[in-house]
Amino acid sequence: MKRPIITERMFLYWTDREHPNTCRMTVRMQDAIELTLMQEALRQTQTRYPYYSVRLDLTSDEHGHEHYEYEDNPAPWVLNTCQEPVELLGEASHYHQVAFACWDDCVAIDFFHGLH
């Protein structure tokens, strides 16, 4: 299902290595992160919150007006096992606006600044 989100032409700051525009929240836990448990938690969370499983797409209507819309994205959320964030809205994040990371006793969520 596609859902229009912006009806006028509007510049969005896409995330890439030059302009990351990524927000990161990191939490240090008491114990080391168990990777298999974290992967299962993400799978369950993605199922529970499907409105975060979207891809941002630019489209044109029958009048030639461009607008952005969210399109369903069934690809799994990315769980990175190092401290470097992945590029959001691209192949590395399966085109999602969120990605996750865990290492040692830390968990991080990276999200696109325009996520709402």
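## Section: the overall build of the protein chain
The secondary structure content of the protein chain amounts to one helix and seven strands. Starting at the N terminus and ending at the C terminus, the protein chain contains elements arranged as β-β-α-β-β-β-β-β. A total of 116 residues make up the protein chain; the buried ones form 31% of that total. Partitioning the contacts of the protein chain with sequence separation of at least 6, the portion at a separation of at least 24 is 57%.

## Some words on helix H1 (residues 35-48)
Here H1 is 14 residues long and its end C-alpha atoms lie 20 Å apart, about the 20 Å a rise of 1.5 Å per residue gives. Taken as a whole, H1 has its buried residues at Met38, Leu42 and Gln46. Along the long axis of H1, the arc covered by the buried residues comes to 70°, so they all point the same way. Opposite the packed face of H1, turned more than 90 degrees from it, sit the exposed residues Thr36, Leu37, Thr47 and Arg48. If you follow the buried residues of H1, they end up packed against strand S5 (79-80), strand S6 (98-103) and strand S7 (106-112).

## Here we look at the side chain of Ser53
Structurally, Ser53 can be placed in the loop between H1 and strand S3 (54-60). The residues touching Ser53, leaving out its near neighbours within four places in the chain, are Gln46, Glu71, Asp72, Asn73, Trp77 and His96.

## Considering unusual backbone geometry
In this structure, His94 takes a positive phi of about 55° despite not being glycine. The phi angle at Tyr95 is positive, at roughly 65°, despite the residue not being glycine. As for its position among the elements, Tyr95 is in the loop between S5 and S6. For Tyr95, a relative accessible area of 31% translates into the label partly exposed.

## A short note on a nonpolar patch on the surface
A cluster of nonpolar side chains, namely Tyr49, Tyr51 and Tyr52, defines an oily patch on the protein surface of about 280 Å² accessible area. When you line up the elements, Tyr51 lands in the loop between H1 and S3. Classification of Tyr51 by relative accessible area gives partly exposed; the value is 46%.

## Considering the pattern of salt bridges
Within this structure, the stated rule accounts for three salt bridges. Between Arg28 and Asp105 there is a salt bridge, with the nearest N and O atoms lying 3.3 Å from each other. In this pair, Arg28 is assigned in strand S2 (residues 22-28) and Asp105 in the loop between S6 and S7, connecting sequence segments 77 residues apart. The residue Arg43 makes a salt bridge to Glu40 at a minimum N-O spacing of 2.5 Å. Note that Arg43 and Glu40 are positioned in helix H1 at a spacing of three residues, about one turn of the helix. On the basis of relative accessibility, which here comes to 47%, the residue Arg43 falls in the partly exposed class.

## Section: the packing of aromatic side chains
Counted according to the given criterion, the structure contains three aromatic pairs. Aromatic side chains Trp77 and Phe100 sit 5.3 Å apart centroid to centroid with 40° between the ring planes, which places their arrangement in the tilted category. One end of the pair, Trp77, is in the loop between strand S4 (66-72) and S5; the other, Phe100, is in strand S6, and 23 residues separate them in sequence. Geometry around Tyr95 places Arg55 over its ring, the cationic atom sitting 4.1 Å from the centre.

Each value, and the rule that gives it
Residues numbered from 1 in each chain as written. Predicted model: local features only at pLDDT ≥ 70, side-chain atom pairs only at ≥ 80, totals over all residues. Heavy atoms only, no water. Helix = DSSP H or I, 4+ residues; strand = E, 2+ residues; numbered from the N terminus. Buried < 20%, exposed > 50% of the residue type's maximum accessible area, 1.4 Å probe, protein only. Contact = heavy atoms within 4.5 Å. Expected span 1.5 Å × (residues − 1). Arc of directions from axis to C-beta. Patch = residues over 30% accessible without salt bridge, like charges linked within 9 Å, V, L, I, M, F, W, Y side chains within 5 Å. Areas by Shrake-Rupley, 256 points an atom, 1.4 Å probe, with all protein chains shown as cover. Salt bridge = Lys/Arg side-chain N within 4 Å of Asp/Glu carboxyl O. Phe/Tyr/Trp six-rings, centres within 6.5 Å; stacked < 30°, edge-to-face > 60°. Lys NZ or Arg CZ within 6 Å of the ring centre and 35° of its normal.

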